[in-house]
Amino acid sequence: MNKATIAALALAPFFLASCIRDEKENTECDIEAISLHLDKPSDFFFHDYDTLKQVPSDADEIVFLVKSYAEIHSIPTTLRVTEDASVYIVAEDDSKTPFLNGSAVDYSDERTLHFRVVAEDKVWSRDYNVSVKHKEASDGYLSCDFESYSLDASGKYYVWEAPSAFIDETGECTWKNGNPGFKISKSSAKPMEYPTTPVAGGGPDGSACVKLETCDTGPFGKMVNMRIASGSMFDGFFDVGNALTNALKATQLGLPFAHKPDQLRVWLRYERGSVFQDRNANPVNGVVDEPDSYVVFYRNEDANGNKVQLDGSDVLTNPHIVGLGRLPHHYNADGSDQLSADPIHGVTTEWKEFVIPVEYRTELDPDILESEGYSLIIGFASSWQGGYFQGAIGSKLFIDKLQLFCE
Amino acid sequence: MMKHTILAFLLLLAPCSFVLAKQKAPMNENRDAWEKWGPIKGLTSGGFIARLGYVIGGTTPLPLPAEIRKISTFSPEGGIGIGIDGYRMFSKRWGISLGAHFFWEGFHTRADVKNYYVWLEQEGEITKGYFTGTNVTSTDMWGVSIPLLATCRISPRWNLNFGPYMSFYFHQTFSGEVYDNDEGIGYLRENTPTGTKILMTRDNPTPYPNNFADNMIPFSAGIEVGFDWKALRHLNVFGLIDWGLTDIWDRKFEAISFRMYPIYGTIGLAYRY
């Protein structure tokens, strides 16, 4: 070996090491979770778990809903943010003070606190509004005519105002559906091409109604083998982060409710899509698509005090369910859904009011009921097997004049 | 990817530098050796060299963008080069050569990326954003390179060649997909680094659009450097590297935020006449 060879070999590790460059400073700046520290959480919250909130990546409003008689004051607050991001409290005059985790924040008068999370790179930042608000006592009667709707912040799809009992963790009071997930899989769709859309003048009395339609999710949906999206409508929240990996988990159903539902009355109309297809888009002969509408009442805390939140995979089967009412369907002997050619749901192409009584499996505990220990789901789907990405493209369920009566 | 390119380059360099070092020794080769290993019809005549080689390398950004955190796998695709060069010596040491090298080259790589700008798009449906997780890329190209080289005979049995080349591609593919990395981290921030976080896993890998390659430029230009070692009277051992200096992507194409250059080396045997 001569000098040049030795030099070349000696330089080699230097070349190799220089390939991977130093990691860039992080650009992410999320509040991932937020918690309030209270000596006696039960003075404020119906559930101990309500003191900690996981914050979805697309949320920038965080609302803690507390008991109506709780006296809101300064509460030590801890944020979990993206690694190496820094947190500031931004005052009205836009001046910002660094926020130290665990320091007390004055939430009195239901004021909104502005937090700014600045990424490690100091370029990207996100602003969050955090507040603690009294939850208004809800009525034992809910109604909705679906007259109040508007485009979402991105202008891509419609959202509907829901009864005030359906206020969610971001302080919004809207019906949820799969539209945010559809936006990811078919970004070019116009607002009226989404699975859940309003129909002005389409209701039984000539006012607006809601249309749920089973849609093709396009090439992107095909890639992830979620070829259809059933139109849906429910109370809860939609976890858009999971929309592609686990669409069933993305659909988080149910919100706490302090009354015992007795029956759901709703006007329905159904236009069935012509070809029922399985998950791989193969037509299934001898099977027709069916709509679904249900009321589920479930215990929202397990024996260990953990939160129970139903999702698309167990909305009708979770053992925490105490009461259930649903449009009639055929079932197999083992209780599983039976696809058939002669459905018994009774929804036709003509408007008709349906009464769906809630049947209870166990006695409700009045104390638990009063302290919001049960959650209510009111759910609709244009394809009852949509959760398994089966159904007929073009199936349409029209909904209007919803009423929930409680005991 | 870079590692291997550089390794290949060093492999080429090592014998050359060995020879260069040798050259510093007092020159005592006699004219017989120059004639024995020289062009068949005399020191200032010409001839042909038919080459068959193994091609390895990558199409790579230079330097590697900081978004690439780790290269987990790299495997060549294709890897065949076949070509012919005609050469003419003007003096004992200097000449030129012109050739046509047909190649099939490419690679497959799997890398951990952080905050890496991607497009997931097909038939007009676009999802753009910043991805963190595992990014898999494959590319292969069929084509022909036309090198116009100066050739320097540094000793009776060693030639060094260098000069510009142009490559024309008959067929180009570029595909890829993203999913979670070994730590289970895989997500896209939609549109901006603070956008909605969309999880992506290996059960549901999300591919690049399948028309990406339409945005590749069907030619490139660069510098070729190589050596020939005359092992037998008609057989050369050769090595060369084609270092592309032009971006393979159409400048108007926004899905790849950096320029990428084809850098491929060939090692093989040649028949010399």
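This structure is a prediction, so every number in the text was calculated from the model and none was measured.

Trainee: Requested: an account of the overall build of chain B, with residues and values cited.
Mentor: Along the backbone of chain B there are two helices and eleven strands. Out of the 273 residues belonging to chain B, those deemed buried represent 42%. Across chain B, the fraction of contacts at a sequence separation of at least 24, relative to all contacts at a separation of at least 6, is 72%.

Trainee: With reference to specific residues and values, describe the domain arrangement of chain A.
Mentor: All names here are of chain A. With domains assigned, chain A is organised as domain 1 (31-134) and domain 2 (141-406). Measuring from the centre of the C-alpha atoms in domain 1 to the corresponding centre in domain 2 gives 31 Å. Contact with domain 1, which involves 13 residues of that partner, is made by 14 residues of domain 2. In terms of residue count, strand β3 (residues 61-66) provides more of the side of domain 1 that touches domain 2 than any other element does, four residues in total.

Trainee: Can you lay out the confidence of the model for chain B for me, pointing to particular residues and giving the numbers?
Mentor: Residue and element names in this part refer to chain B. The predicted model of chain B averages 86 in pLDDT, with 87% of residues at 70 or higher. When mean pLDDT is taken per element in chain B, strand β9 (residues 219-230) scores highest with 96 and helix α1 (residues 2-23) scores lowest with 46. Long-range and interchain partners of residues 1-22, a stretch whose pLDDT sits below 50, account for 53 contacts in this model, where long-range means more than four residues apart. Here the predicted complex carries an ipTM of 0.78, next to a pTM of 0.80.

Trainee: Residues and numbers for the sheet that holds strand β2 (residues 52-54) of chain A, please.
Mentor: Residues and elements named next belong to chain A. Taken together, four strands build an open sheet; the order of strands is β2-β1-β4-β7 and the sheet is antiparallel. The two strands at the open ends of the sheet, each matched to only one other strand, are β2 and β7 (104-106). Recorded for the sheet is a direction-independent mean angle of 35° between the axes of neighbouring strands. Pairing between strand β4 (residues 74-81) and β7: three bridges, direction antiparallel. In the sheet register, Pro76 faces β7, and the bridge partner there is Ala104.

Trainee: Just give me the short version of the sheet that holds strand β18 (residues 236-238) of chain A, but keep the residues and values in it.
Mentor: All names here are of chain A. Taken in spatial order, the three strands line up as β18-β19-β24 in an open sheet, and their pairing is antiparallel. Lying at the two open borders of the sheet, with one neighbouring strand each, are β18 and β24 (310-311). As defined by bridge partners, β18 adjoins strand β19 (residues 251-253) across three bridges and the pair is classed as antiparallel. By the bridge assignment, Phe238 is partnered in β19 with Thr251.

Scoring rules and cut-offs
Here the residue numbers are simple positions, counted from 1 along each chain's written sequence. Just so you know, chain letters begin at A and ligand numbers begin at 1, following the order they were written in. Totals for whole chains, interfaces and linings use every residue, but because this is a predicted model, local features are given only for residues with pLDDT of at least 70 and side-chain atom pairs only at 80 or more, for both listing and counting. Numbered from the N terminus, helices here are DSSP runs of H or I no shorter than four residues, and strands are runs of E no shorter than two. Using C-beta atoms placed from the backbone, we call a residue buried if 20 or more other C-beta atoms fall within 10 Å of its own, exposed if 12 or fewer do, and partly exposed for counts in between. Whether two residues are in contact is decided by their C-beta atoms, placed from the backbone, lying within 7 Å. Domain limits in this description derive from either an automatic procedure or a database domain assignment. What pLDDT reports is the predictor's confidence in each residue, on a scale of 0 through 100. Paired strands, in this sense, are two strands between which DSSP finds at least two bridges. Angles here are taken between N-to-C directions and fall from 0 to 180 degrees, while the axes themselves are lines fitted to C-alpha atoms, restricted in helices to the stretch in contact.

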